[in-house]
Every structure is written in C-alpha cells, then in structure tokens.
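Spelled out from the first residue to the last, the chains are:
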Amino acid sequence: MIAELALINAFLKGRKGIYTTPLKTLANEKYEEFSLWSKIGAKIGISTGDYDEPGEWLDKYDIIVTTYERLDSLFRLRPKWLRKVGVVVIDELHNISDGERGPTIELIAIYALKLGAQIVGLSATLSNPEELAEWLGCKLVLSSWRPVKLIEGFYIKRRSIIAFNDGRIEEVLNNNLIDHIVRSALNQHYQVIIFQQARHKAESMAKNIALKVPVIDRNTYLEIIDKFKKYEALRSEIKDLDKLVMHGVAYHHAGLSHGARLAVENSFRSGLIRFVVATPTLAAGINMPARRVVIYTRRFEGGYVKPISIAEYKQMAGRAGRPQYDVIGEAIIADVKDEGEGWRYINGRPEPVKSALISERALRIHTLSLIASGYVEGIDELRDLLRKTLAYKNLLESRGVDITNYVIKNILPRLMEMDMIRADGRYLYPTKLGLTVSRLYVDPLTAIMIIDELEGIGKPSPLYYLTLIAMTPDFTRVRMVGYKGLQREAYSAYESGLIPGPIRGVSLYDWLKAYKIGLILNQWINEVDEDYIITTFKIGAGDLNLIIETASWLTYAASKICESVGLKNHANELNKLSLRVRYGVKEELIDLVRIKGIGRVRARLMYMHGIRTIDDILNVGIERIAKIPMIGEVLANNIINEAKKLKNK
DNA sequence: AGGGACCGACTTTAGACAGCATGTC
DNA sequence: CTAAAGTCGGTCCCT
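Residues numbered from 1 in each chain as written. Chains lettered and ligands numbered in written order. Predicted model: local features only at pLDDT ≥ 70, side-chain atom pairs only at ≥ 80, totals over all residues. Heavy atoms only, no water.

Asker: Sorry, what's going on with the overall build of chain A here?
Answerer: Across its full length, chain A holds 29 helices and 17 strands. Relative to the 2.2 N^0.38 estimate, which gives 26 Å for 649 residues, the radius of gyration of chain A is 27 Å and therefore close to what a compact globule would have. Along the three orthogonal principal directions, the C-alpha set of chain A runs to about 70 × 65 × 60 Å. Counting only residues that meet the buried cut, chain A has 55% of its 649 residues in that class. Taking contacts inside chain A between residues at least 6 apart in sequence as the whole, the part at least 24 apart equals 67%. By element, 52% of the accessible surface of chain A is carried by carbon and sulfur atoms, the whole surface being about 30000 Å². Between the mean site of the 90 positive side-chain charges and the mean site of the 77 negative ones, chain A shows a separation of 1 Å. (Helix = DSSP H or I, 4+ residues; strand = E, 2+ residues; numbered from the N terminus. Rg over C-alpha atoms; globule rule 2.2 N^0.38 Å. Buried < 20%, exposed > 50% of the residue type's maximum accessible area, 1.4 Å probe, protein only. Contact = heavy atoms within 4.5 Å. Areas by Shrake-Rupley, 256 points an atom, 1.4 Å probe, with all protein chains shown as cover. Lys, Arg positive; Asp, Glu negative; His and termini not counted. Charge placed at Lys NZ, Arg CZ, Asp CG, Glu CD.)

Here it is in structure tokens:
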C-alpha cells in the first residue's frame, strides 16, 4: 500500500514511477494489480525479458513494472524519460544480500539516488532495516500487521508433540509427523504445503502421501488433468503426476515445466489438490497460501548438510494462512535438532543483510556498466560513486577496508587488459567491445572466453559453439546432473576437434557439464522431441527450458560480441545458431519458423509437404496448407496473412 | 534357470534473471 | 564442518 501510494503520488505530480521485483511472475502480478489505476488515467507498463519494449518506448507509460535486471539494463541504456522518474520501488529488498542478484539491486538503488528519485524499499524479512534506510536516505516505516494471524511451532520427536508459540501442544499420533499432518488435514478439510529442500525428497514424499490418501472423485481428477493439458505440461510429466493427483497430491519444483507448475498452482488454489510437497520455488512470490505449512530445514550445500537461514524459514512460514478463508495460519518445522533450535527459528530475527557487491564477478560486471553507460567518466568519479554503495559502507565498518582501492587497483586494470575500457589520463571510456558487452548484459569474462576461443579457428560445428557458451560463467550456474560418466566420451570429442577443451579457469566438472549441455542443445536444434530429450538425459522439463533460454540469449550475445571484434564468420554462424536454439529447428526451417503460429513441429510438417519458404506459402494457396496435419483452415488463413506481413517488411 | 531379497559402491543434492523482437503446439 | 535417498550391479538363496 505504501508503495502504491508513492507511485500514485508521483503520478499526480506528473512524475513516472517504477516498481521492480525479483521475479517475472511477480512483475506480471503487480502489473495486473496496478492496471486498476488506469481509472484515474495512469498508463501502466511492464518490461521484463519476456515482453520487451525497447528503452525509449516505455516513455508512454506512467508506472512501469520491471524485474531487477531489466531495470538495471534500462538504466544502462539511459532512455531520455529517466529524467521524469519520481519514484523507484524496490520489492523484496532483502535480496540485496544475494550473491548473484543482490549487486544488481544495489546498483539500481545507486542509479535511482543519482536521478534524485524517491526510493521505497519493501521487505517482510529484514532485521536491519535501520541500516538500509540510512544508506538509502529513506525514512523507516515499520509494521507488524498481517492479514491472517501466523502461529509457528515445531515437532518434538522425542515427546511426539508439536509445540506452538501460542502455548498450544498438539499430540502427534504414532509419532509419525506426516501421517498426523495428513490425517488432521483430511479430517478438518484444509490444504497443506510441505517444503522440502531437495527435489527428489519432494517427489518421494508426495508419493508417500498419495498412498495415505483416498482417491478423489473422478470429475475432480479429470478437472485437474484438464488443467495440465490446458497449461501444456509435457506428456511425461502428466504421466508421472497422474497417480498423485488422483489422490489430490502433487509435487512442485523448478524441474517441472512452466505449464506443469501452473497446473499444480492453479489446482491447489481452486481446492482440487489438497497436498503439495514443494521445494523453495513456492516460497517466494507465488500467491499460493495454505492453512498449514510444514517446513524441513536441512539442505545439502557446499559439501555438507546445514540448516537453512532464519530468513529463508520466515519466507516459507509466511505462506501459511489464506487471507480470504483462514483466521490463522500455522507453520510447523519438521526437523529441528532440539527445542532451542525450534525457538531460534520462531523467535529469532532474520540474519542482517549485507552487501554482496564484493565478489570479483559482480564488481567486474558493474564497474564496466558504470563506465560503458557513461555514468562515470573518470577515476575520481568512479571512486565517488563507489563510496555511495552499501558494499563500501559494510566493508569499511566491518574490516576497515576501502573497496574503491580494490576496484581501482584490480578490477579496472583487468577490464583494460580485456580491452573493454581505455584510459586517457584520468578520463575513462569504453571500447566498442566494452559497450557491446555491457548492453548485452553478459559477464565480461564470458565475452573474453568466447573471443579467445574462436579467434584463429575456422568454422566449427554447432556442438562446438554450444559447448563453448555452456562453459562461460553466465551459463555454469545452470544445474546439470549425470555428466560424470561422460569423461571418456568428452575427451575423445575434444581430441577429434568436436568440442573446445577446458578453457583456463574452467574446472573439469564444469567442462563435462558444458559438454552435456552441448549434447542436449545439439539434440534440440536437430528437432529431437522434448519428451525424448528429458527422458534420455534425465533432466526435468523445466531444466531443459532454462538451458534453451540461457543458450538462446548467450548465442545471440556471442554473435554480437564476435561482430564487435571483427570475427565476422563466427558472428554469422552464431546468429543462425541463436535462431535455431530459440526455435529448436534445423537450419532449413529458420525461414518458416519466423511466422507467427508456426513452431518447430508445424514448420517440419510444412517442409515435408513441400512448403519450404515464405514465398511457397504465398504461392501454393490455402487448401494445400489447410490439408497439412495439425493445421486447419483458420490457422492456414492466419499463416498466409502473417507471411504477407513478413513479406512486406 | 529364474526370481527376489540383500548389500555395497556410487551419485546426487533450491531457485531463476538477462538480448531482441514477437507468440507455441 | 551436521545426511539421506536413489540407482546400479552383484551375490546368495530358494523354488
């Protein structure tokens, strides 16, 4: 409400407002919510990687909803309308301590301050808001109001009870927590979300629960299956989840396709599904509360098992209680080692957030962007700006270290070696490469790895390019399993020149991972069926999507990077490859797939029926197109119209 | 010979943003 | 640094 007041206040004064969130789904949600304000004439816009409207275009909107990275990218492009921005709202501000994405938030805040905009930071899990408010020059507003009362408790196995913080004790029958939770939920007719910390645990627990729950009625079951079909979950996913939803149970994690996730969320919200076992995907953002939430707290990380943070726990506990239906919500911790730990989760404050703008990677990326976008034109200016960061403040206070020295002595020279930045006395300016890299939103190191590897080699195969981009730091964060057995195969591929060797700084495992990603993408661009790919490579549909998305972005970026340093042949090859990755097609279908309404499957069918170019479509006549399987008259008509449009361009 | 219980070695472990130009099957 | 589940292949025993 406070954020909305600030946005509307700015609008009434003729200023623009920006609302920035960590997730695309959250951005969509806010965009829809804010659309209400069109009643008073405010024009609402959205800008994420999914819907782009290039920088200058957004001028027509009064309130713009973005993701953090998108806003950072907009600030770098410096469209003229930025002058008109009166307020920047940063949602889920605690993310500032996230190692990957926190630095982006920090930079957004700095840019906004530089614009003189009012900043509104929002967070429900922040123990040091005073510190952040002071840094941002904001006034702190605290509120503990919550639409539904939250009661927290934990399971004490030794005594076979759940102890709640309102003093209530709940007996656990047979000392079997999940059995008890399921039984009470069935008796009292409420829904439960269980948070596990590993995908396989979420899946196996969902299967166990399904065994304890009677089959639901057939119509409800069919309704759920319909949703999976409507949202376009893959056949293999429906097959896996079928036996669970039959009992009103499902699992939910990022390995599922977007469609399968939507189907689970939607079925739960409409009460068709009673139990969902999820990983922390459901903790942030998605509006899917339940009367009861059960939380497992142990996660394997960095070589051993450790408990999740209080902040993470609070984030998940916050899912308990549905505003329209419940008077209270209950969060139950399932696996504390003793009572002390239980109370620490319940009564403890979330860990104070600290700046993450201290890693070499983050500083490299953002130092380049500051100079490339012209916010900083000299060393002294750079130093002044860095002194405004939270990182500067945190490091000076905790260790007496001045981070600006590190940037100027280590990061800056490295960027100059990469020939992305040049200095003229104390004046700093970007090279063409530096400018390109910053605009493409890639890590400078990614660009250097690509250039170094491709310089001086001829025309490698798609697999070579794909393995290369999969090795870059912008890609290695993608999860991948089952690559250890590929060592021998990878070496022989390397020896026959099919793939690049491990580039300096890339570990053996990252190289093998890259090879497996290369193999997967190579299948994808050769039109192998999605279901077949995920089964043979043992990855989730969601994982495949992430790989495709990332590869499509990075092949495009690689193409532009090659172009900027005169590697023209590679630029052309990579450009073609990026289209092939985006659509999952062989080269001969690139022309057809440009048409709205035609993807990889229909394009192949048309090709087999002798329609191979846009000209063919315009020449053969509607009957022949409508006769092709999966294409009817309506679609054929649309296809012809779209082809005409493309032809006239 | 075939089936199944059992055992030990080995593998794996959360999430999700970004370019560009417009929809997919 | 505080683990646990699944997979795979082999062995042993019974029918």
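Asker: Which parts of the structure should I look at to understand the protein's contact with DNA strand C?
Answerer: Inspection of the region around DNA strand C gives H200, K201, S204, R298, F300, Y304, V305, P307 and K538 as its neighbouring residues. Counting only the atoms of DNA strand C that lie within 4 Å of the protein, the sugar and phosphate share comes to 25%. At a separation of 3.5 Å, a phosphate oxygen of DNA strand C approaches a polar side-chain atom of K538. Only α7 (199-212), β13 (298-301) and β14 (304-307) provide two or more residues apiece to the surface near DNA strand C. Here the surface near DNA strand C is built from residues that sort into four nonpolar, two polar and three charged. (Near = heavy atom within 4 Å. Polar contact = N/O pair within 3.5 Å; in protein donor to acceptor, adjacent residues only side chain to side chain. Nonpolar A, V, L, I, M, F, W, Y, C, P; charged D, E, K, R; others polar.)

Asker: Where do I start with the environment of R602 in this structure?
Answerer: Among the secondary structure elements, R602 is positioned in helix α26 (residues 600-608). Relative accessible area serves as the criterion here: at 26%, R602 is assigned to the partly exposed category. Along the chain, R602 and T220 lie 382 residues apart, while their C-alpha atoms are 33 Å from each other. Discounting residues that sit within four places of it in the chain, R602 has contacts with G597, M630, I631 and L635. Among the polar contacts listed, one links the side chain of R602 to the backbone oxygen of G597, at a separation of 2.7 Å.

Asker: Looking at this structure, I do not really get the protein's contact with DNA strand B. What am I missing?
Answerer: Near DNA strand B there are 52 residues, and of these D50, V481, K596, G599 and R600 occur at the shortest range. Among the atoms of DNA strand B close to the protein, meaning within 4 Å, 59% are from sugar or phosphate groups. Interatomic distance of 3.0 Å between a side-chain N/O atom of K596 and a phosphate oxygen of DNA strand B. Within the contact set of DNA strand B, a phosphate oxygen lies 2.4 Å away from a backbone nitrogen or oxygen of G597. Secondary structure elements with two or more residues in the surface near DNA strand B: α3 (68-77), β13, α17 (432-440), α23 (541-564), α24 (568-583) and α26.

Asker: Help me out: how do you make sense of the environment of D615 in this one?
Answerer: Within the secondary structure layout, D615 lies in helix α27 (residues 614-620). The exposure class assigned to D615 is partly exposed, which follows from its relative accessible area of 36%. It is 57 Å that separates the C-alpha atoms of D615 and I408, two residues lying 207 residues apart in sequence.

Asker: Explain the nonpolar core here, please?
Answerer: A general trend in soluble globular proteins is that nonpolar side chains are found buried together. Ranked by internal contacts, the top residues of the largest apolar core, which has 114 residues, are V88, I90, L454, F475 and I547. Ranked by residue count, the leading element in this core is α23, at 10 residues. Setting aside residues up to four positions removed in sequence, L454 forms contacts with Y464, Y465, L468, C562, L567, H570 and L574. Counting 71 residues, the second-largest nonpolar core is a separate cluster that includes Y155, I216, I225 and A290. (Core = buried A, V, L, I, M, F, W, Y, C linked by side-chain atoms within 4.5 Å.)

Asker: Mind showing me how you'd approach α26 here?
Answerer: Three- or four-residue spacings in an α-helix give side chains the same orientation, since the helix completes a turn every 3.6 residues. The set of residues buried in α26 consists of R600, A603, R604, L605, M606 and Y607. Immediately downstream of α26, the backbone of G610 shows phi near 85°, a positive value.

Asker: Explain the pattern of salt bridges here, please?
Answerer: Pairing between side chains of opposite charge can happen when the charged atoms of each approach one another. If you walk through the whole model with that rule in mind, you get 44 salt bridges. Measuring nitrogen to oxygen at the nearest pair gives 2.5 Å for the salt bridge that ties R298 to E341. With R298 in strand β13 and E341 in helix α12 (residues 339-347), the pair connects residues that are 43 residues apart, well separated along the chain. Using a relative accessible area of 25% as the deciding quantity, one classes R298 as partly exposed. Here E301 and R299 are joined by a salt bridge, their closest N and O atoms 3.7 Å apart. We classify E301 as partly exposed; its relative accessible area is 38%. Residue class for R299 comes out buried when judged on its relative accessible area of 17%. Residues participating in the shared-partner salt-bridge network are E100, E360, R361, R364, D443 and D474. (Salt bridge = Lys/Arg side-chain N within 4 Å of Asp/Glu carboxyl O.)

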